[in-house]
Amino acid sequence: MSIGATMPTPSNGSMSCHTAPAASPRHEFQAGGKMVRWLLVGPGDIAHNRVAPALCAARNSQLVAVCGRSPKRAESLARANNVSTIYYDYDQALAEADVDAVYIATPHHLHVDMCLKALAANKHILCEKPLGIHSAECLRLLDAVKKSDRVTCCSNYRLFTNQFKTTYRLIQDGTIGDLVGGWAHDEENYYNPSNAPLRKELGMSPILGFGFYLLNLSLVLFGMPSEVFACMSSCNCDHQPDYDIDDLENIILRYPNGAQFSIILNMTAKAPLRHAYQFYGSKGRIYWPECPPHFNSPIYKVAHPNGYEEIPESFSGDTRGVRPNWHLPMIEDFVRAVQTNTSPLCTIESAVKTAVITDAIIKSAASGRAEKVTA
């Protein structure tokens, strides 16, 4: 691994805190492990659908407080997860909530400042992707992380899927030979349940959101690229107002050894989802015909003379085709890191490197030429 990890086998009113009727604890302390108590900030779609349920279900994890500027959303999230304490002001939540860790699931442009405040309050941090809008602010956070003894993490749950872990194993054990390239196609209409303005300045460009997962995944498999070439367009097929994001993105990453990885992000139209990846080796290929999070299908090894060979049980969770809570193993990995004072799999450092790659991609799209990636 090149990123220092080992793959595992704001106030809006005079009232700023509300205490709901007491609820019985969701968890008991597990043998050999300290309970990690959480504050969840940002009661949006990802918090409701995945993060809060995972914080409640994870071993040695307890969600004890939520924070959000919208009382309706914050109270709905707390009620759904039997949480008794709600804050509407982040500073007050950090000062008063009896928690060990903060999960930050707010809009992208708020991440870095909220992480810095959590560190200053001596809290462990798990931040949703992307870490920040550009590498300069991410590097500022990394400097603060290096001066702290807190456990910090930026979300990439896809590294915990069986699809990825199987791929990683097949590459590491030489099954497909030397890794020389690959591609990833993510095609879907832009998912925007909050109807936020789709503006670059808010970090809403697909390369920061959807693209983060693919760039971070490629960083784990290939290492740091030496240069990138990108072409991006803003099509706005639905003619939405307040919209300037590049919704059609073609990206090529080139590595020092000559390997190449290409990414297509197509958010231009309402059409069926397509998420498919392939990784090339000197002896064969690995093909993901349907990828998390929307699909939970096995992956294939492609090699002569057998052709396409399905790899049994390379889907995630207990049942093929049934999507698990993708965030759960990532949160359990983070809890173990807090308990053992070790690094989680998804590090802030790797997220900062992803931001550096993203900056080069955006620069290439503007310049129309290949751009060097400066580590």
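A quick note: this is a predicted structure, and the numbers were derived from the prediction, not measured.

A. Seen up close, the side chain of Arg158. Checked against the element boundaries, Arg158 lands in the loop between β7 (152-154) and α6 (162-172). Excluding residues within four positions of it along the chain, Arg158 makes contact with Phe164, Asp186, Tyr213, Leu214, Tyr277, Pro292 and Pro293.

B. Expanded view of the UniProt feature "domain: Gfo/Idh/MocA-like oxidoreductase N-terminal" (unreviewed entry) in the protein chain. Sequence positions flagged by UniProt for "domain: Gfo/Idh/MocA-like oxidoreductase N-terminal" (unreviewed entry) are, in local numbering, residues 37-151. Within the segment residues 37-151, helix and strand shares are 45% and 20% respectively, and the terminal C-alpha atoms sit 14 Å apart.

C. Representation of the pattern of salt bridges within the structure. For the structure on display, the rule yields 20 salt bridges. Ionic pairing is found between Asp238 and Lys270, a salt bridge with its closest N-O pair at 3.0 Å. Of this pair, Asp238 sits in the loop between β9 (227-233) and β10 (248-254) while Lys270 sits in the loop between β11 (260-266) and β12 (274-281), placing them 32 residues apart in sequence. On the accessibility criterion, Asp238 (35% relative accessible area) is partly exposed. Given the relative accessible area of 63%, Lys270 is considered exposed. A salt bridge links Lys363 to Glu371, with the nearest nitrogen and oxygen atoms 3.8 Å apart. By relative accessible area, Glu371 is classed as buried at 8%.

D. Quick look at the packing of aromatic side chains. Under the definition given, this model contains 14 aromatic pairs. Where Tyr277 meets Trp288, the ring centres are 5.2 Å apart and the plane angle is 40°; that geometry is what we call tilted. Of the two residues, Tyr277 is situated in strand β12 and Trp288 in strand β13 (residues 285-288); the sequence distance between them amounts to 11 residues. The buried category is assigned to Trp288, whose relative accessible area is 2%. The structure contains a cluster of three or more aromatic residues connected by ring pairs, namely Phe222, Tyr255, Phe261, Tyr277, Phe279 and Trp288. Between the NZ or CZ atom of Arg50 and the centre of the ring of Tyr157, over which it lies, the distance is 4.9 Å.

E. Highlighting the packing of α6 against helix α7 (residues 210-222). α7 packs onto α6 with a crossing angle of 25° between their chain directions and a minimal axis gap of 11 Å. With respect to α7, the element α6 is oriented roughly parallel. α7 is crossed by α6, and the crossing has right-handed handedness. Counting all contacts with α6, which are made through Phe164, Tyr168 and Ile171, the residues of α7 involved are Leu217, Val220 and Leu221. Here the residues of the contact of α6 with α7 are counted per class, giving 6 nonpolar, no polar and no charged.

F. Structural context of the sheet that holds strand β15 (residues 307-310). Ordered in space as β15-β14-β13-β12-β8-β11-β10-β9-β16, the 9 strands form an open sheet in which the pairing is mixed. Whereas interior strands pair on both sides, the edge strands pair on one side only; in this sheet they are β15 and β16 (371-372). By the bridge criterion, 3 bridges tie β13 to strand β14 (residues 300-303) in an arrangement that is antiparallel. If you follow Tyr287 over to β14, its bridge partner there is Tyr300. Strand contacts of helix α9 (residues 348-367): β9, β10 and β16, with the helix running at about 60° to β9, the strand carrying the most contacts.

G. Expanded view of the environment of Ser234. Here Ser234 lies in the loop between β9 and β10. Looking at Ser234, the relative accessible area reads 39%, which means it is partly exposed. Once you skip the residues sitting within four places of it in the chain, Ser234 turns out to touch Tyr243, Asp244, Ile245, Asp246 and Asp247. Within polar-contact distance, the side chain of Ser234 engages the backbone oxygen of Ile245 at 2.8 Å.

H. Quick look at the environment of Arg254. Topologically, Arg254 is positioned in strand β10. Using a relative accessible area of 36% as the deciding quantity, one classes Arg254 as partly exposed. Once the C-alpha coordinates of Arg254 and Gly223 are considered, the two residues, 31 residues apart in sequence, prove to be 10 Å apart. What Arg254 contacts, discounting residues up to four positions off in sequence, is Pro225, Ser226, Glu227, Ala259 and Gln260.

I. Expanded view of empty space enclosed by the protein. In this structure, the largest cavity occupies an estimated 50 Å³ of space. Around the largest cavity, the lining residues are Pro130, Leu131, Gly132, Ile207, Leu208, Phe212, Ala351, Thr354, Ala355 and Thr358. In terms of residue count, the dominant contributor to the lining of the largest cavity is α9 (4 residues). Split by residue class, the lining of the largest cavity holds 7 nonpolar, 3 polar and no charged. Looking at the second largest cavity, its volume works out to about 40 Å³. Surrounding the second largest cavity, Asn189, Tyr190, Asn236, Cys237, Asp238, Gln240, Tyr243, Asp247, Met267 and Thr268 form its lining.

J. Fine view of the UniProt feature "domain: GFO/IDH/MocA-like oxidoreductase" (unreviewed entry) in the protein chain. The UniProt feature table records "domain: GFO/IDH/MocA-like oxidoreductase" (unreviewed entry) at residues 165-286. For residues 165-286, the end-to-end C-alpha separation is 12 Å, with 17% helix and 33% strand making up the annotated structure.

Reading the values: rules and limits
Residues numbered from 1 in each chain as written. Predicted model: local features only at pLDDT ≥ 70, side-chain atom pairs only at ≥ 80, totals over all residues. Heavy atoms only, no water. Helix = DSSP H or I, 4+ residues; strand = E, 2+ residues; numbered from the N terminus. Contact = heavy atoms within 4.5 Å. UniProt positions renumbered as here; feature names shortened; annotations may be inferred. Salt bridge = Lys/Arg side-chain N within 4 Å of Asp/Glu carboxyl O. Buried < 20%, exposed > 50% of the residue type's maximum accessible area, 1.4 Å probe, protein only. Phe/Tyr/Trp six-rings, centres within 6.5 Å; stacked < 30°, edge-to-face > 60°. Lys NZ or Arg CZ within 6 Å of the ring centre and 35° of its normal. Axes fitted to C-alpha atoms, helices over the stretch in contact; angles between N-to-C directions. Parallel < 35°, antiparallel > 145°, perpendicular 65-115°, else oblique. Left-handed = near helix turned anticlockwise from the far one by under 90°. Nonpolar A, V, L, I, M, F, W, Y, C, P; charged D, E, K, R; others polar. Pairing = 2+ DSSP bridges. Polar contact = N/O pair within 3.5 Å; in protein donor to acceptor, adjacent residues only side chain to side chain. 1 Å grid on protein atoms, 1.4 Å probe; cavity = no way out; pocket = protein on both sides within 12 Å on 5 of 7 lines; lining within 4 Å. Points joined across faces, edges and corners; volume = space filled by probe spheres on them.

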